[in-house]
Amino acid sequence: MKDYNLTHLRELESEASYVLREVAAQFERPALLFSGGKDSIVLVHLSRKAFHPASIPFPLVHIDTGHNFEEAIIFRNKLVKKFNARLVVGSVQESIDNGRVVEEKGINASRNVLQTVTLLDTIEKYKFDAAIGGGRRDEEKARAKERFFSHRDEFGQWDPKNQRPELWNIFNGKKRMGEHFRVFPISNWTEMDIWQYILQENIELPSLYFTHEREVFFRDGVWLAKAPFMAMKPTEKAEKLRVRCRTVGDISCTGLVLSTADNLEDIIREIAATRVTERGGRYDDKRSEAAMEDRKKEGYF
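Residues numbered from 1 in each chain as written. Predicted model: local features only at pLDDT ≥ 70, side-chain atom pairs only at ≥ 80, totals over all residues. Heavy atoms only, no water.

1. Focus: the environment of H212
Within the secondary structure, H212 sits in strand 7 (residues 212–219). In the structure, H212 is positioned 29 residues away from L241 in sequence and 8.0 Å away in space, judged by C-alpha atoms. For H212, the contacting residues outside a window of four places in its chain are S207, L241, R242, V243 and R244. Within the local environment of H212, its side chain forms a polar contact with the backbone oxygen of F210, the two atoms lying 2.8 Å apart. Of the polar contacts made by the side chain of H212, one reaches the side chain of R214; its length is 3.0 Å. (Helix = DSSP H or I, 4+ residues; strand = E, 2+ residues; numbered from the N terminus. Contact = heavy atoms within 4.5 Å. Polar contact = N/O pair within 3.5 Å; in protein donor to acceptor, adjacent residues only side chain to side chain.)

Written as structure tokens, this is what we have:
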């Protein structure tokens, strides 16, 4: 990388570290939302650097759909043990069993939407007043509307028209009883920034991000992973292909891309050449034009 890129990444790192330290200073019970994806892994790395030599001052919160990639869960447990972090798991299956949510049925059924209730219940149970997430403004138009400190009302809902100004990096974390904030320290990063930073810092990632052979099937322009809970249409056929993930979530909504990139340098070159956005392969975003914004208003990540 050129010196310009190194300087640019250091500026982004400094900004994110400042936001993380503001969270620690302004909130009593913050938590870091951890999915096992690259953005949340980068957040853990940034948090370790921001508070070194102390340990990360907030727990990692994973909302487990029960339909996760096995590689992501294995990596999560390994990371928690390696850094001696506290892990809090909210279970979507438990929400279903307790009647808090109703599982979707049919070919396009997904537990991704159900995560919202589980997340809000977990925030309420542990009285978290700030939930740090890895959302970036370049990902999707609804996320572009987010502030660094994103206010949520007592119902966990987000109103994009009722957010506080953030002038000169002054963040206002004041809230009423029952309200909380979502905080997005890497808002100004791009997908390319994330990958260049991962390369620069030598950050370990799950094998999902590198090309590997997997049984997949094609639906509505997206390659999806075959799994026992993934119902297939009679016209759909599973085949083994060399694929990788650009973004990792619930198996039912995570699209895979055909790829030969088995190292970070190749991934960066591949992203530089692609004309498809990172979330272009997210199957859950295809439900409607405003799918992400609708979910965020209800309390989604």
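This is not the end of the story, as more comes after the structure.
2. Observations concerning the environment of T254
Positionally, T254 belongs in the loop between strand 9 (239–245) and strand 10 (255–258). Look at T254 and you get buried, because its relative accessible area is 0%. Each C-alpha atom of the pair T254 and N68 lies 9.8 Å from the other, and the pair is 186 residues apart in sequence. In terms of polar contacts, T254 uses its side chain to reach the backbone carbonyl oxygen of D250, at 2.8 Å. (Buried < 20%, exposed > 50% of the residue type's maximum accessible area, 1.4 Å probe, protein only.)

3. Things to note about the sheet that holds strand 4 (residues 130–132)
Hydrogen bonds along the backbone pair up the strands of a sheet, which may run parallel or antiparallel. If you trace the six strands from one edge of the open sheet to the other, you get 3-2-1-4-6-5, paired in mixed fashion. At either end of the open sheet lies a strand with only one pairing partner, and these are strand 3 (87–91) and strand 5 (149–152). Neighbour to neighbour, the strand axes of the sheet diverge by 30 degrees on average, direction disregarded. Here strand 2 (residues 60–64) runs beside strand 3; their pairing, made up of five bridges, is parallel. (Pairing = 2+ DSSP bridges. Axes fitted to C-alpha atoms, helices over the stretch in contact; angles between N-to-C directions.)

4. Quick look at the side chain of H67
Its place among the elements puts H67 in the loop between strand 2 and helix 3 (70–82). Classification of H67 by relative accessible area gives buried; the value is 11%. Excluding anything up to four places from it in sequence, H67 contacts E103, R111, F229, D250 and I251.

5. Regarding the packing of aromatic side chains
Summed over all chains, the structure comprises 11 aromatic pairs. Between the aromatic rings of F27 and F149, the centroid separation amounts to 5.6 Å while the plane-to-plane angle is 45 degrees, which identifies the pairing as tilted. Highlighted residues: F27 in the loop between helix 1 (3–26) and strand 1 (30–33) and F149 in strand 5, separated in sequence by 122 residues. Taking the relative accessible area as the measure of exposure, F27 reaches 6% and is therefore buried. Geometrically, the ring pair formed by F218 and W223 is tilted, given 4.8 Å between the ring centres and 55 degrees between the ring planes. Judged by its relative accessible area of 44%, F218 is partly exposed. Three or more aromatic residues joined by ring pairs form one cluster here, namely Y18, F27, F148, F149, F171 and F181. Just above the ring of F148 sits the side chain of R137; from NZ or CZ to the centre is 5.0 Å. (Phe/Tyr/Trp six-rings, centres within 6.5 Å; stacked < 30°, edge-to-face > 60°. Lys NZ or Arg CZ within 6 Å of the ring centre and 35° of its normal.)

6. What about the nonpolar core?
Membership of the largest hydrophobic core comes to 61 residues, with the highest contact counts inside it found for L46, F149, W189 and W195. Of all the elements, helix 2 (residues 38–51) adds the most residues to this core, at seven residues. Each of domain 1 (8–193 + 290–298) and domain 2 (206–285) accounts for three or more of the residues forming this core. Among residues more than four places away in sequence, those in contact with W189 are L12, E13, A16, V42, L46, R136, D138, I194 and Y197. (Core = buried A, V, L, I, M, F, W, Y, C linked by side-chain atoms within 4.5 Å. Domains from an automatic or database assignment.)

7. Digging into helix 7 (residues 264–273)
Taken together, the buried positions of helix 7 are occupied by L264, I267, I268 and I271. Buried positions in helix 7, seen along its axis, are confined to an arc of 100 degrees and lie on one side of it. Exposed side chains of helix 7 directed beyond 90 degrees from the buried face belong to R269 and A273. Looking at where helix 7 begins, the residue whose side-chain oxygen comes 3.2 Å from the main-chain nitrogen of E265 is N263. (Arc of directions from axis to C-beta.)

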